[in-house]
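# Commentary on secondary and tertiary structure
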Amino acid sequence: KMPWVLLEVTSGSRTKISQTKMEEIAYARISVDAGPTQINKGMQIIERCQVMLENLRGVITTATDVHVTVGAIRGWAGFNEAYRYQFDATIRFTEDYTQPPVI
């Protein structure tokens, strides 16, 4: 049932930064699809998502030193008078470096 929030990881990279740590940078797209009578509600939801993610810092599961930054909200008309709001996020974090077992 609309409106709904979509989170898509679009790309990223991983770099070994020490003997025991990896740094990952992930890029994500956060979208809200709203129906023809929900355009204002959709904008309120995407603005709330932006506020919740902007400068988020902390730990998420095995990822430590998480830092999230977000871009500007943009939007456009979709099919059947639906509307999509969207912004991009960059998530930077570190994880323990592990090697695959030798076979």
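First, a word on scope: everything that follows refers to the structure included in this document.

Parameters and conventions
Residues numbered from 1 in each chain as written. Predicted model: local features only at pLDDT ≥ 70, side-chain atom pairs only at ≥ 80, totals over all residues. Heavy atoms only, no water. Phe/Tyr/Trp six-rings, centres within 6.5 Å; stacked < 30°, edge-to-face > 60°. Buried < 20%, exposed > 50% of the residue type's maximum accessible area, 1.4 Å probe, protein only. Lys NZ or Arg CZ within 6 Å of the ring centre and 35° of its normal. Core = buried A, V, L, I, M, F, W, Y, C linked by side-chain atoms within 4.5 Å. Helix = DSSP H or I, 4+ residues; strand = E, 2+ residues; numbered from the N terminus. Contact = heavy atoms within 4.5 Å. Salt bridge = Lys/Arg side-chain N within 4 Å of Asp/Glu carboxyl O.

## Topic: the packing of aromatic side chains
- Following the criterion strictly, the structure yields 1 aromatic pair and no others.
- Considering the side-chain rings of tyrosine 83 and tyrosine 85, the 4.9 Å spacing of their centres and the 55° angle between planes classify their relative orientation as tilted.
- For tyrosine 85, a relative accessible area of 8% gives the class buried.
- Just above the ring of tyrosine 97 sits the side chain of lysine 16; from NZ or CZ to the centre is 4.3 Å.

## A look at the nonpolar core
- The biggest cluster of nonpolar side chains holds 15 residues, and the ones touching the most others in it are Ile30, Ile46, Val66, Val68, Phe87, Ala89 and Ile91.
- Elements that contribute at least two residues to this core include exactly strand 2 (21-34), helix 1 (39-53), strand 4 (63-70) and strand 6 (83-96).
- The element contributing the most residues to this core is strand 6, with 5 residues.
- If we ignore the near neighbours within four places in the chain, the residues touching isoleucine 30 are Val5, Leu6, Leu7, Ile46, Cys49, Leu53, Tyr85, Gln86, Phe87 and Ala89.

## Regarding the pattern of salt bridges
- For the coordinates displayed, the defined rule picks out 7 salt bridges.
- Of the charged contacts in the structure, one is a salt bridge between lysine 21 and aspartate 96, with a shortest N-O distance of 3.0 Å. With lysine 21 in strand 2 and aspartate 96 in strand 6, this residue pair connects regions lying 75 residues apart in the sequence.
- Note on aspartate 96: relative accessible area 55%, which makes it exposed.
- A salt bridge links arginine 92 to glutamate 23; the shortest N-O distance between them is 3.3 Å. Of this pair, arginine 92 sits in strand 6 while glutamate 23 sits in strand 2, and the two are 69 residues apart along the sequence.
- Judged by relative accessible area, which is 38%, arginine 92 ranks as partly exposed.

## A closer look at the environment of threonine 15
- Among the secondary structure elements, threonine 15 is positioned in strand 1 (residues 4-16).
- Spatially, the C-alpha atom of threonine 15 lies 14 Å from that of alanine 63, the residues being 48 residues apart in sequence.
- Leave out the neighbours within four places in its chain, and threonine 15 touches Lys21, Met22 and Glu23.

## Some thoughts on unusual backbone geometry
- The backbone phi angle of asparagine 80 is positive, close to 55°, even though this residue is not glycine.
- Tracing the chain through its elements places asparagine 80 in the loop between strand 5 (74-77) and strand 6.
- Even without being glycine, glutamate 81 reaches a positive phi, approximately 65°.
- Considering the arrangement of structural elements, one finds glutamate 81 in the loop between strand 5 and strand 6.
- Since its relative accessible area comes to 63%, glutamate 81 is described here as exposed.

Honestly, it's all geometry; don't read function into it.
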